[in-house]
Amino acid sequence: MEVLPPSGGRTSKFRASIIKILIDNSFPDDLRAEAAHILEEKAYNEPKVIEDHLLTIFQNPNEAEILRAAAISALSRYATAKSTIPLIKALSSSSKRFKARACSTLGLIQEKSAIEPILKLAMDKKEHIHVRRSAVEALWMLEANDTIPSLVQLLKDKSEPGNFRGTIATAFGKWQDERALSALLNVINSQSEPWWLRRAAVRSLKNSREPRITTVLNKLLNNNDERLRQAAMDKLKTANSEL
């Protein structure tokens, strides 16, 4: 069953109907989770009421995991200080879904007190890759610049999963920090790195008109790998179009 958004002046009634679906356990879990997703997409009135409902669902072990995870995500729209401790506790949950969602929500609400436990998740090689990737993205959202040296070491570690290193490269491209940029350029210039990671680093670069970056990209135009040449060409074209 698909829940359609309101039109005209029916927003209040729509919000009430969505909340009813969310809290009424006679509805299917997937429909209630969809209600939580709708609340996440747009900030509705009575945020404290919505926050209370979402927290109640999330903290209820008898609710379905899919619904509790959706509630964690929706809290990114409504969380106040009362949600902080439950969300941080979720970082040590046995559920990888809860941990990943909590990382994202804590990043979106800019909860700086979560930086240390989120970094711990990113650094833990025994942790599920989805959780670790969510942790890296959250650290960028939190502008946790002090964690960059630790993330640089993870990016350098060739024993780490490829998609995890790629996530770090992508995050570094968003980070306006000299250490992150240097790490990306080192990856691009390294012949020992796989082409896909080097390409990910190229694609993540910002400020492509900066001389140091332009030099690296122009050098790649003569690379033997067509995929790297194309990535460099695309990035240079984008930079020129922005002139």
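Before any of the text, the structure's been laid out above.
Here the structure is a predicted model, which is why all the values come from computation and not from measurement.

Peer 1: Give me the overall build of the chain: which residues, what numbers.
Peer 2: Assigned secondary structure in the chain consists of 14 helices and 0 strands. For the chain, the N- to C-terminal ordering of α and β elements is α-α-α-α-α-α-α-α-α-α-α-α-α-α. Expressed as lengths along the three principal axes of its C-alpha atoms, the size of the chain is roughly 65 × 45 × 30 Å. Per-residue burial over the chain gives 47% buried out of 243 residues. Within the chain, contacts between residues separated by at least 24 positions form 60% of all contacts whose residues are at least 6 apart in sequence.

Peer 1: Mind laying out the side chain of Lys235, listing which residues take part and the relevant values?
Peer 2: Structurally, Lys235 can be placed in helix 14 (residues 226-241). For Lys235, a relative accessible area of 14% puts it in the buried group. A polar contact of 3.0 Å, which involves the side chain of Lys235, links it to the backbone oxygen of Leu205.

Peer 1: Go over helix 9 (residues 148-156), please, and point to the residues and values.
Peer 2: Where helix 9 is concerned, the buried positions are Ile148, Leu151, Val152, Leu154 and Leu155. On an axial view of helix 9, the arc spanned by its buried residues comes to 160°, and they lie on one face.

Peer 1: Before we move on, could you go through helix 10 (residues 162-174) and cite the residues and values that matter?
Peer 2: If you check helix 10, its first and last C-alpha atoms are 19 Å apart, about what 13 residues at 1.5 Å a residue would give, namely 18 Å. Residues of helix 10 that are buried include every one of Phe164, Arg165, Gly166, Thr167, Ile168, Ala169, Ala171, Phe172 and Gly173, and no others.

Peer 1: Could you give an account of the packing of aromatic side chains, naming the residues involved and the relevant values?
Peer 2: For the coordinates displayed, the defined rule picks out 3 aromatic pairs. On the basis of an interplanar angle of 90° and a centroid distance of 6.3 Å, the ring pair of Phe58 and Phe98 is categorised as edge-to-face. You can see Phe58 sitting in helix 3 (residues 47-58) and its partner Phe98 sitting in helix 6 (residues 96-108), a full 40 residues away along the chain. Ring centres of Phe172 and Trp175 lie 6.0 Å apart, and the angle between their planes is 65°; this geometry places the pair in the edge-to-face category. This pair shows no difference in class: Phe172 is buried, exactly as Trp175 is. The side chain of Arg132 reaches across the aromatic face of Phe164, ending 4.1 Å from its centre. Against the face of Trp140 rests Lys174, its NZ or CZ located 4.7 Å from the ring centre.

The rules we used
Residues numbered from 1 in each chain as written. Predicted model: local features only at pLDDT ≥ 70, side-chain atom pairs only at ≥ 80, totals over all residues. Heavy atoms only, no water. Helix = DSSP H or I, 4+ residues; strand = E, 2+ residues; numbered from the N terminus. Buried < 20%, exposed > 50% of the residue type's maximum accessible area, 1.4 Å probe, protein only. Contact = heavy atoms within 4.5 Å. Polar contact = N/O pair within 3.5 Å; in protein donor to acceptor, adjacent residues only side chain to side chain. Arc of directions from axis to C-beta. Expected span 1.5 Å × (residues − 1). Phe/Tyr/Trp six-rings, centres within 6.5 Å; stacked < 30°, edge-to-face > 60°. Lys NZ or Arg CZ within 6 Å of the ring centre and 35° of its normal.

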